[in-house]
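Single-letter residue listing:
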Amino acid sequence: MTSMKKRIAAALMAATLTIGLTVPAAAAEAPNEPIRVSSYKGSTLEVGERSGLIIGPSGIDYTVTSSDPDTVAVEQVLTFWVAVAKGAGTAEITASNSAGECGSMTLTVGSAAPAAPEAPASMDSASLTDNLEIRQEMIRLINQTRKANGVSELPVSEALMTAAQACSDRRYTWHHAAEEGQAAADAGYPYGFGDNLTVFTGTDDAARRAVDNWINSPGHFETMIDSRCDCIGVGVTQYDGITYCYMFVGIPNSVNFYA
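What this report covers is the structure whose coordinates are included nearby.

Cut-off values and rules
- Numbers given to residues run from 1 along each chain, matching the order in which its sequence is written.
- The predicted origin of the model limits local features to residues at a pLDDT of at least 70 and limits the giving and counting of side-chain atom pairs to 80 or more, whereas totals for whole chains, interfaces and linings rest on all residues.
- With hydrogens and water set aside, each side-chain value is computed from the structure's full complement of heavy atoms.
- The way it works is that DSSP assigns letters per residue, a run of H or I at least four long becomes a helix, a run of E at least two long becomes a strand, and they are numbered from the N terminus.
- To estimate the expected span of a helix, count its residues, drop one, and scale the result by 1.5 Å.
- Three labels apply to residues, based on accessible area from a 1.4 Å probe with only protein chains included: buried if under 20% of the type maximum, exposed if over 50%, partly exposed otherwise in between.
- Residues are treated as being in contact if the distance between any of their heavy atoms lies within 4.5 Å.
- Here a Phe, Tyr or Trp ring, Trp counted by its six-membered ring, pairs with any other such ring whose centre lies within 6.5 Å, and the pair is stacked when the planes are under 30 degrees apart, edge-to-face when over 60, and tilted otherwise.
- Comment: the charge-over-ring label is applied if NZ (Lys) or CZ (Arg) is within 6 Å of the ring centre and within 35 degrees of the ring normal.
- By this definition, two strands are paired if DSSP reports at least two bridges between them.
- Geometry is summarised by axes, namely lines fitted to C-alpha atoms with helices restricted to the contacting stretch, and by angles between N-to-C directions that run from 0 to 180 degrees.
- Think of a polar contact as two N or O atoms within 3.5 Å of one another; within protein, one of them needs to be a possible hydrogen donor and the other a possible acceptor, and neighboring residues in sequence only count if both atoms come from side chains.
- One speaks of a salt bridge when a side-chain nitrogen belonging to Lys or Arg is within 4 Å of a carboxyl oxygen belonging to Asp or Glu.

1. Quick look at helix H3 (residues 158–169)
Its twelve residues give H3 an end-to-end C-alpha distance of 16 Å, which sits within 8% of 16 Å, the value for a rise of 1.5 Å per residue. Within H3, eleven of the twelve residues are buried, which leaves it mostly tucked inside the rest of the structure. Considered for burial, the residues of H3 that qualify are Ala159, Leu160, Met161, Thr162, Ala163, Ala164, Gln165, Ala166, Cys167, Ser168 and Asp169. Along its buried surface, H3 packs onto helix H2 (132–148), helix H4 (177–187), strand E10 (231–239) and strand E11 (242–251). The positive-phi residue at the C-terminal boundary of H3 is arginine 171, with phi of around 55°.

Encoded structure:
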């Protein structure tokens, strides 16, 4: 009996050692996620415009440079990076991390930029730069949550940013499906989407409070980590001590019934 116990113990120990050796090897083979760089206002700017930069994966310190600072300069504002259009031309914006990995995008400024379509009249109150830092932080936290739950981070959609801000500016306290659908269509987003809304008293730490509210609500959480989504836009309006936050996530090849 003692001999049998020794043989079982030896077999278990061998299995444990095998597992301990193979797990790190598998982890080492996982590919690094590439660095992504995008701009809130898209790839074209007018002289004097400022546009927040969205850099992923989130939760990493980046160094950001411009190939031509006289055309597009980059500035760090708190923990965020902003592109500033200085003169007509093009410039490559590059983000790098401490491991030497890089990602880039090209920004075109001024007369070299194609004419931008006029914004619909119904979008007049919706500015891509409203509460920019709060919205950038909200997107960072949402993407951080998605990554932690095994789904891809989302690039910013200018159309959904416009639609989300239009809805938050209306200071809704519950969902208005027809108006939300129309806002997305008016902003130029051609597909269906998921959206979250939260409203709370106070203006401090707004991005964290909004995302925490959605994390702690099962339905909102499922929308936030929906693997079908391929882009995101958020809106934040603070009025009379109340904060109104919207998140729109695009679902390609689906239908917006209000368009």
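2. Notes on the packing of aromatic side chains
A full pass over the atoms with the stated rule returns three aromatic pairs. Aromatic rings pair up to connect Phe193, Tyr246 and Phe248 into one cluster. Stacked on the ring of tyrosine 239, the Lys or Arg arginine 171 has its end atom at 3.8 Å from the ring centre.

3. Focus: the sheet that holds strand E9 (residues 192–201)
A sheet is described by the order of its strands in space; here three strands give the open sequence E9-E11-E10, paired in antiparallel fashion. Of all the strands in the sheet, the pair left with one neighbour each is E9 and E10. In this sheet, adjacent strand axes meet at a mean angle of 15° when their direction is disregarded. The pairing of E10 with E11 spans nine bridges and is antiparallel. When the sheet's bridge partners are listed, glycine 233 is paired in E11 with phenylalanine 248.

4. Considering the environment of aspartate 226
Topologically, aspartate 226 is positioned in the loop between helix H6 (218–224) and E10. Since its relative accessible area comes to 15%, aspartate 226 is described here as buried. Separated by 75 residues in the primary sequence, aspartate 226 and valine 151 have C-alpha atoms spaced 7.8 Å apart. Leaving out residues up to four positions away in the same chain, aspartate 226 has contacts with Arg146 and Ile251.

5. Considering the environment of arginine 228
Within the secondary structure layout, arginine 228 lies in the loop between H6 and E10. For the pair arginine 228 and proline 252, spaced 24 residues apart in sequence, the C-alpha to C-alpha distance is 7.7 Å. Filtering out sequence-adjacent residues up to four positions away, arginine 228 remains in contact with Gly250, Ile251 and Pro252. Among the polar contacts made by the side chain of arginine 228, one reaches the side chain of aspartate 226 at a distance of 2.7 Å.

6. A few points about the pattern of salt bridges
One pass over the full model with this rule turns up five salt bridges. Close ionic contact of arginine 208 with aspartate 212 constitutes a salt bridge, the shortest N to O distance being 3.5 Å. Taken together, the residues arginine 208 and aspartate 212, both in helix H5 (residues 206–215) and four residues apart, mark about one turn of the helix. You can call aspartate 212 partly exposed: its relative accessible area is 28%.

7. What about the pairing of strand E4 (residues 63–66)?
Across a regular strand the side chains alternate sides, sitting on one face of the sheet and then on the other. Side chains of E4 alternate between two faces, with Val64 and Ser66 buried and Thr63 and Thr65 left unburied. Alignment of E4 against strand E7 (residues 89–96), held across four bridges, turns out to be antiparallel. Looking at the pairing, valine 64 lines up with alanine 95 of E7.

8. Focus: unusual backbone geometry
The backbone phi angle of aspartate 240 is positive, close to 55°, even though this residue is not glycine. Summarising the element assignment, aspartate 240 is placed in the loop between E10 and E11. According to the relative accessible area criterion, aspartate 240 is exposed, its value standing at 73%.

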